[in-house]
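# Secondary and tertiary structure notes
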Amino acid sequence: MKRIIQKTTGFLAAAAMLFSFTACEQTEVTPDASLEASNAQNAHRSKSYNLNKTYTAEIKALNGSGVMGTATLMLEGNMLTVNIMASGLEAGMLHVQHIHGFMDKNKNAVCPPMSADTNGNGLVELGEGLPFYGPILLDLAPFSTAPDGSINYTQTFQVSAGVLPLQNNVIVLHGMTVDGVYWPSLPVACGEIKVMNNGNR
Ligand SMILES: [Cu+2]
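These figures come from a predicted structure and were not determined experimentally. (Residues numbered from 1 in each chain as written. Predicted model: local features only at pLDDT ≥ 70, side-chain atom pairs only at ≥ 80, totals over all residues. Heavy atoms only, no water.)

## Details of the pairing of strand S8 (residues 181–198)
Under the convention used in this document: The rule for pairing is simple: two strands pair if DSSP sees at least two bridges between them. The way it works is that DSSP assigns letters per residue, a run of H or I at least four long becomes a helix, a run of E at least two long becomes a strand, and they are numbered from the N terminus.
Pairing of strand S1 (residues 53–61) with S8 involves seven bridges; the strand directions are antiparallel. Considered in S8, the bridge of Thr54 is made with Asn197. In the sheet, strand S7 (residues 170–178) pairs with S8 via eight bridges, with the strands oriented antiparallel. The residue bridging Val172 from the neighbouring strand is Cys190, located in S8. Hairpin remark: S7 followed by S8, antiparallel, with two residues in the connecting loop; positive phi at Asp179, about 50°.

## Quick word on the state of the cysteines
Under the convention used in this document: A pair of sulfur atoms, both from cysteines and within 2.5 Å, is called a disulfide here.
Evaluated as defined, the whole model comprises one disulfide. Sulfur-sulfur distance for the disulfide between Cys111 and Cys190 comes to 2.0 Å. When the S-S torsion is -85°, as for the bridge of Cys111 with Cys190, the disulfide is left-handed. Separated by 79 residues along the polypeptide, Cys111 in the loop between strand S4 (97–100) and helix H3 (126–133) and Cys190 in strand S8 bring together distant segments of the chain.

## Points about the coordination of the copper ion
Working reference: metal with six octahedral donors, ideal angles 90 or 180 degrees; metal with four tetrahedral donors, ideal angle 109.5 degrees. Using the following cut-off: Water is absent from the atoms considered, so a metal site may look incomplete; donors are defined as N, O and S atoms within 2.8 Å of the metal, or 3.2 Å for Na, K and Ca. Residue exposure (1.4 Å probe, protein chains only): buried if accessible area is under 20% of the type maximum, exposed if over 50%, otherwise partly exposed.
Looking at the copper ion, the protein donor atoms are His98 (ND1), His100 (NE2) and His174 (NE2), and they sit 1.9 to 2.0 Å from it. Sequence spacing of the donors to the copper ion: H-x1-H-x73-H. Taken as a pair, His100 in strand S4 and His174 in strand S7 lie far apart in primary sequence, 74 residues in all. Of the two residues examined, His100 and His174, each falls in the buried class.

## Describing H3
Think of an α-helix as turning once every 3.6 residues; residues three or four places apart then point the same way. Applicable threshold: Picture the helix axis, draw a direction to every C-beta atom, and the arc is the one those directions span. The criterion used for residue contact is that any of the two residues' heavy atoms lie within 4.5 Å.
All of the buried residues in H3 are Glu128, Gly129 and Tyr133. End-on view of H3: buried residues confined to an arc of 120°, all on one side of the axis. Residues of H3 that are buried make contact with S4, S7 and S8. Immediately beyond the C-terminal end of H3, within one or two residues, lies Gly134, with a positive phi of roughly 75°.

## Focus on unusual backbone geometry
Pro142 follows Ala141 through a cis peptide bond whose omega is -5°. Residue Pro165 is reached from Leu164 by a cis peptide bond, and omega for that bond is -5°. Among the structural elements, Pro165 can be located in the loop between strand S6 (151–158) and S7. We note that Ala146 has phi near 45°; this positive angle belongs to a residue other than glycine. Looking at the element boundaries, Ala146 is found in the loop between strand S5 (136–139) and S6. Despite not being glycine, Asp179 shows a phi value in the positive range, around 50°. For Asp179, the location among the structural elements is in the loop between S7 and S8. Judged by relative accessible area, Asp179 falls into the exposed class, the value being 80%.

## Quick notes on the packing of aromatic side chains
Going by this rule: Pairs were defined over the aromatic rings of Phe, Tyr and Trp, the Trp ring being its six-membered one, requiring ring centres within 6.5 Å. Orientation was assigned from the angle between planes: stacked under 30 degrees, edge-to-face over 60, tilted for the rest. Note on geometry: a ring has a charge over it if NZ (lysine) or CZ (arginine) is within 6 Å of the ring centre and within 35 degrees of the ring normal.
Enumeration according to the criterion identifies zero aromatic pairs in this entry. A cation sits over an aromatic face here: Lys107 above Phe102, 4.3 Å from the ring centre.

## Brief notes about the nonpolar core
Filter applied, for reference: Residues grouped as a nonpolar core are buried Ala, Val, Leu, Ile, Met, Phe, Trp, Tyr and Cys residues, joined through side-chain atoms within 4.5 Å.
Ranked by internal contacts, the top residues of the largest apolar core, which has 32 residues, are Leu73, Leu80, Ile84, Ile99, Leu140, Ile171 and Leu173. Of all the secondary-structure elements, those providing two or more residues to this core are S1, strand S2 (68–76), strand S3 (79–87), S5, S6, S7 and S8. Counting residues in hydrophobic clusters, the runner-up holds seven residues, among them Phe102, Ala109, Tyr133 and Cys190.

Spelled out as structure tokens, the structure:
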């Protein structure tokens, strides 16, 4: 009987020790330490995500321009490199080009359908497209005159938060002759920006 009591006491002591070890381990992980660890993990994660984000846009004709092409955008931190390759532009004329979008981050810019032509003249004019692609967020200058009707444009910009997220925005190319008059602001092509690579390699 005595031995049983001793055994039980020994077991309880061992259990108490175990418990105290567990308690000790728990107190070593203070809320601050775990917060620090999670911050470090997040910092590491965001850093690796920011290494190289790549976006693409398939540029399609507007207003029967016949313009087509591809845009590739690379974002590193706040530095954005834009490449636009497009053909079918009116040769030797100035083609302004922009990233269009909405400052309201919940609103996604899209390329305007022909139904955007509210005055019924058969063209989606700059203003008629605004409800779809939004205002200009970034001038993709210097603008090209497309000497042979095509452009291969590459430029790097420092961008503000208003231009992000890029996938909410579109690229619009402008400029075409209508009835013998060059219309510099007329949208001739548009491409919706999509995420290609979110920094994962
Ligand atoms: Cu524009």
